[in-house]
Amino acid sequence: MRPGLYETRLTIYALMDSPSTTGAFRFTVEPGASTEVDVEAHFFPRKDLTEIGLAPLTSMFNFAPHDAETGTGDYRPRVHDSDGLSVRMANGEWVWRPLANPQKLEISTFTERAPLGFGLMQRDRDFEDYQDLEARYDRRPGVWITPTSDWGAGYLTLVAIPTTNEFNDNIVSFWRPADTWKKGEERTIAYRMNWGGDAPLLQPIARVEGTRTGIAQSGRRLFVIDFTSENESLFEGAVPYVSTSSGSVRGAVVVKNPETGGMRLTFELDGQGGDLAELRAVLLKAGKPVSETWLYRWRK
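Residues numbered from 1 in each chain as written. Predicted model: local features only at pLDDT ≥ 70, side-chain atom pairs only at ≥ 80, totals over all residues. Heavy atoms only, no water.

## Considering the overall build of the protein chain
Piece 1. Assigned secondary structure in the protein chain consists of zero helices and 22 strands.
Piece 2. Radius of gyration (C-alpha) of the protein chain: 21 Å, near the 19 Å computed for a compact globule of 300 residues.
Piece 3. In terms of overall dimensions, the protein chain has a C-alpha envelope of 60 × 45 × 45 Å along the principal axes.
Piece 4. Looking at the protein chain as a whole, 48% of its 300 residues qualify as buried. (Helix = DSSP H or I, 4+ residues; strand = E, 2+ residues; numbered from the N terminus. Rg over C-alpha atoms; globule rule 2.2 N^0.38 Å. Buried < 20%, exposed > 50% of the residue type's maximum accessible area, 1.4 Å probe, protein only.)

Okay, here's the thing in structure tokens:
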């Protein structure tokens, strides 16, 4: 629908047709510093559907300092369109999962209740961290999804596909409903997309600004995580809580980072012969989180 002379929104209608389902969509677009797109989608399955992905986002992640063992010999410090999955859980918890380029296909799920929002975000905005005048990865937008209808039970899913280059989107996130969509039943969902620099929601806690990993003098895997906040009082008296699904965590400590005004958390992982560990870290004060929850999948 063509907007009027003084209107600020554009409405786009689209039809979907496939062997498994048909659908009708309405997109209401409002450009701005953060371009807003309201999506209303109606689906009419032609057969029972069990593998469904709603509000899908795709992106590219090749390598970065937290996942840099690629052996590419690339002159650039990092190559990616997004560096993490940001989630605000249904209970209000903020989660940050750094993206990775795995050696084999990986699928992760994070919650069984529809989140308040999620997105594939590009947080590192410094040109010097990319050194790419052509691709300008430092300017790539993030995309945030906010459900505006009841999505029901399901699973927030992140898929990471191995890639040897930067030309294919190898990162996918979406909401997967828990129930089967029956043939002939109409299903409707609605959500808002925000395209811009960061999540549109107020984040009153410290956020993960950077993740780095290497080998410590002990020979164990070393992790370095920087937390930042405009409210530096959040860090006063904060202590780290770090856990792993296998192996053990050694020497977790937080120190002031004078370069960022935030805190730097470092710890070592003793894998104890395991091939994979799900890591979790957060800063706590009086038992309550004052930072995002950092999630990371370590692979041997």
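## Thoughts on the pairing of strand 16 (residues 221-228)
Piece 1. Where burial is concerned, most of strand 16 is hidden: seven out of the eight residues are buried.
Piece 2. Turn length for the strand 15 (residues 207-215)-strand 16 hairpin, with the two strands adjacent in sequence and antiparallel, is five residues, and the turn residue Gly219 shows positive phi of about 90°.
Piece 3. With seven bridges connecting them, strand 16 and strand 19 (residues 262-270) associate as antiparallel partners. Paired with Asp226 across the strands is Arg264, a residue of strand 19. (Pairing = 2+ DSSP bridges.)

## Description of the side chain of Asp132
Piece 1. Mapped onto the elements of the fold, Asp132 is located in the loop between strand 10 (117-121) and strand 11 (142-147).
Piece 2. We classify Asp132 as buried; its relative accessible area is 6%.
Piece 3. Every residue in contact with Asp132, bar those within four places of it in the chain, is listed here: Tyr75, Arg76, Phe127, Tyr137 and Glu166. (Contact = heavy atoms within 4.5 Å.)

## Regarding the sheet that holds strand 4 (residues 54-59)
Strand pairs in the sheet, formed through backbone hydrogen bonds, run parallel or antiparallel to each other.
Piece 1. Read from one edge of the open sheet, four strands run 4-13-12-9, paired in antiparallel fashion. Edge positions in the open sheet fall to strand 4 and strand 9 (106-109), since each of these has one partner strand only. Across the sheet, the axes of successive neighbouring strands diverge by a mean angle of 20°, strand direction being ignored.
Piece 2. In terms of strand pairing, strand 9 meets strand 12 (residues 154-160) through four bridges, oriented antiparallel. Within the sheet, the bridge partner assigned to Glu106 lies in strand 12 and is Ala160. (Axes fitted to C-alpha atoms, helices over the stretch in contact; angles between N-to-C directions.)

## Some words on the sheet that holds strand 18 (residues 248-257)
Piece 1. Pairing within the open sheet is antiparallel, and its four strands lie in the order 15-16-19-18. On the outer flanks of this sheet lie strand 15 and strand 18, each paired with one strand and no other. Neighbour-to-neighbour, the strand axes of this sheet turn through a mean angle of 20°, independent of strand direction.

## Some remarks on the pattern of salt bridges
As a working rule, side chains carrying opposite charge can pair if their charged atoms are close by.
Piece 1. Summed over the entire model, instances satisfying the criterion amount to 27 salt bridges.
Piece 2. Here Arg297 and Glu106 are joined by a salt bridge, their closest N and O atoms 3.5 Å apart. Pair noted here: Arg297 is in strand 22 (residues 293-299) and Glu106 is in strand 9, with a separation of 191 residues, a long-range link. Each member of the pair, Arg297 as well as Glu106, carries the same accessibility label: buried.
Piece 3. Each of Asp67, Glu106, Glu278, Arg297 and Arg299 takes part in a single network of salt bridges with overlapping partners. (Salt bridge = Lys/Arg side-chain N within 4 Å of Asp/Glu carboxyl O.)

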